[in-house]
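Coordinate analysis (summary)
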Amino acid sequence: MPDLLSNLGLGFAVALSLQNLLLCFLGCLVGTLIGVLPGVGPIATIAMLLPITFGLDPVGALIMLAGIYYGAQYGGSTTAILVNIPGEATSVVTTLDGHQMARQGRAGIALGTAAIASFFAGTVATLLIAALGAPLTRLALIFGPAEYFALMVMGLAFAVVLAHGSVLKAVAMILVGILFACVGTDLETGEERMTFGFTFLTDGIDFSVLAMGLFGVAEILRNLDQTETREVARARIGRLLPGLADLRQAMPATLRGTAIGATLGILPGNGAVLGPFAAYTVEKRIARDPSRFGRGAIEGVAGPESANNAGAQTAFIPLLTLGIPPNAVMALMVGAMTIHGIVPGPGVMTKSPNLFWGMIASMWIGNLMLLVINLPLVGIWVRLLKVPYRLMFPAILMFCSIGIYSINSLPTDVMLIAAFGLFGYALIKFGFEPAPLLLGFVLGKLMEEYLRRALTLSRGDAMVFLERPVSAVLFLVAFTILALALLPSLRRSRDEVFTEA
């Protein structure tokens, strides 16, 4: 306990510096903005802003990018409640009861409940990260190459189970991501792999290029393909603070949502997205009168919103302690850390304690900032909802092109983001989810490294993965959940969580 308090003291000393406070506020503000504006998600925004982080110190850069991620979760609820369009994938469930409350003249109560539930869940999740950080890091330090390889295979298996849609499509996307990671020069032999004679592929596919193309350009194309329809709730927003009766109804749902979201957020494979759906399903099933849901039940806002924010923040646990990104946004964070020469994993806490504890402290400060940003400024967000998308997309495309060119000053990078943008758009049209691809790309390079190390240490004996107890158990878990995911009964229950919610 004394160690935890001293570490948190170090974190707040780092996070409360003027520069880091401003970057935290900027991240939260940008995150809220892109959460409010449907069609521009945190993945695309972080991908576009990666070049800007070159000029910042690592702690400030990661504090800002983290603020964008969890800030988007707050902002997404505003759009879901007022416009009935989820600003974020995790805000889909909030539309069901949040917009109904707005149509009944209780928009302010819905917005206030969402903000309070989010703040509570974010605070609890931050404490959880601080408490679990040191034990998990100590555990990770005993891992060898075989254990790390097995852990990454398990992470990809979870990504398959928790992805939307077809299991086989999710597996295909992960494999394509791993193939993309193999492009370039083999570091051990010096041989070129899959470059097809193109010199600009000799160093491999740049992470920023792939991320910006798949999520920035492809997202613009996807949104242009859809008819723009927005109907902002015309009723008065009214008072923002829920009354005692509302809080009594919302508080149990907030507690349950926080527990569900925090647990699922730790799982590799984007469990944070599943959190709000699972929380809504639980609330509906335990309610005395399930028919209230979909008609303005306050629990239908409090539960998913708390799960949403708890999951967004506990997703940092596997990233900071094990170096495993559990979702596409965390994969982008790995890219940002690599840009600054930081190796994600257990070494972060020991070698860069300022970064580790500064980020944790900044999350609590960021949650407090978001409470202030979201409630008093709700009128500004409502006005922003009326900005036509056709005015936003050319600007986003311009920033993508300038940002990617500024990294290496290569015209081929600009052409590649266009190519990956078309590729990402085609994937979406054919029902493939690009997020597992990015996860496979990031983990693919690490998996190859750990696989080679493990085989080198065992002199080429592949049985090392089964002879070491920890890696054997991790492989067993990975293959078990993949086998279960292919069972028709589990596939149906997995889809029901999304469709029923």
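Model, not experiment: these values are computed from the prediction. (Residues numbered from 1 in each chain as written. Predicted model: local features only at pLDDT ≥ 70, side-chain atom pairs only at ≥ 80, totals over all residues. Heavy atoms only, no water.)

1. Regarding the confidence of the model for the chain
- Per-residue confidence for the chain averages 79 on the pLDDT scale, and 86% of its residues sit at or above 70.
- The least confident element of the chain, judged by mean pLDDT, is helix H23 (residues 488-500) at 53; the most confident is helix H19 (residues 411-429) at 88. (pLDDT = per-residue confidence, 0-100. Helix = DSSP H or I, 4+ residues; strand = E, 2+ residues; numbered from the N terminus.)

2. Some words on the environment of alanine 331
- One can find alanine 331 in helix H14 (residues 328-339).
- A sequence separation of 124 residues divides alanine 331 from phenylalanine 207, and the C-alpha atoms of the two residues are 9.6 Å apart.
- Discounting chain neighbours no more than four positions away, the residues touching alanine 331 are Phe207, Pro325, Leu438, Leu439 and Val442. (Contact = heavy atoms within 4.5 Å.)

3. Quick notes on empty space enclosed by the protein
- Counted under the stated rule, the structure contains three cavities of 30 Å³ or more.
- What the second largest cavity holds in volume is close to 70 Å³.
- Along the wall of the second largest cavity there are ten residues; nearest its centre are Ser77, Thr78, Leu111, Ala115 and Asn374.
- Broken down by secondary-structure element, the contributors of at least two residues to the lining of the second largest cavity are helix H4 (58-83) and helix H6 (107-141).
- No other element matches the four residues that H6 contributes to the lining of the second largest cavity. (1 Å grid on protein atoms, 1.4 Å probe; cavity = no way out; pocket = protein on both sides within 12 Å on 5 of 7 lines; lining within 4 Å. Points joined across faces, edges and corners; volume = space filled by probe spheres on them.)

4. A closer look at the packing of aromatic side chains
- Across all of its chains, the model carries eleven aromatic pairs by this definition.
- Seen from their ring centres, phenylalanine 12 and tryptophan 364 are 6.4 Å apart, and the 75° between their planes marks the pair as edge-to-face. Of this pair, phenylalanine 12 sits in helix H1 (residues 2-15) while tryptophan 364 sits in helix H16 (residues 353-374), placing them 352 residues apart in sequence.
- By way of ring pairs, the aromatic residues Phe149, Phe465, Phe475 and Phe479 are connected into one cluster.
- Above the plane of the ring of phenylalanine 432 lies lysine 169, whose end atom (NZ or CZ) is 5.2 Å from the centre. (Phe/Tyr/Trp six-rings, centres within 6.5 Å; stacked < 30°, edge-to-face > 60°. Lys NZ or Arg CZ within 6 Å of the ring centre and 35° of its normal.)

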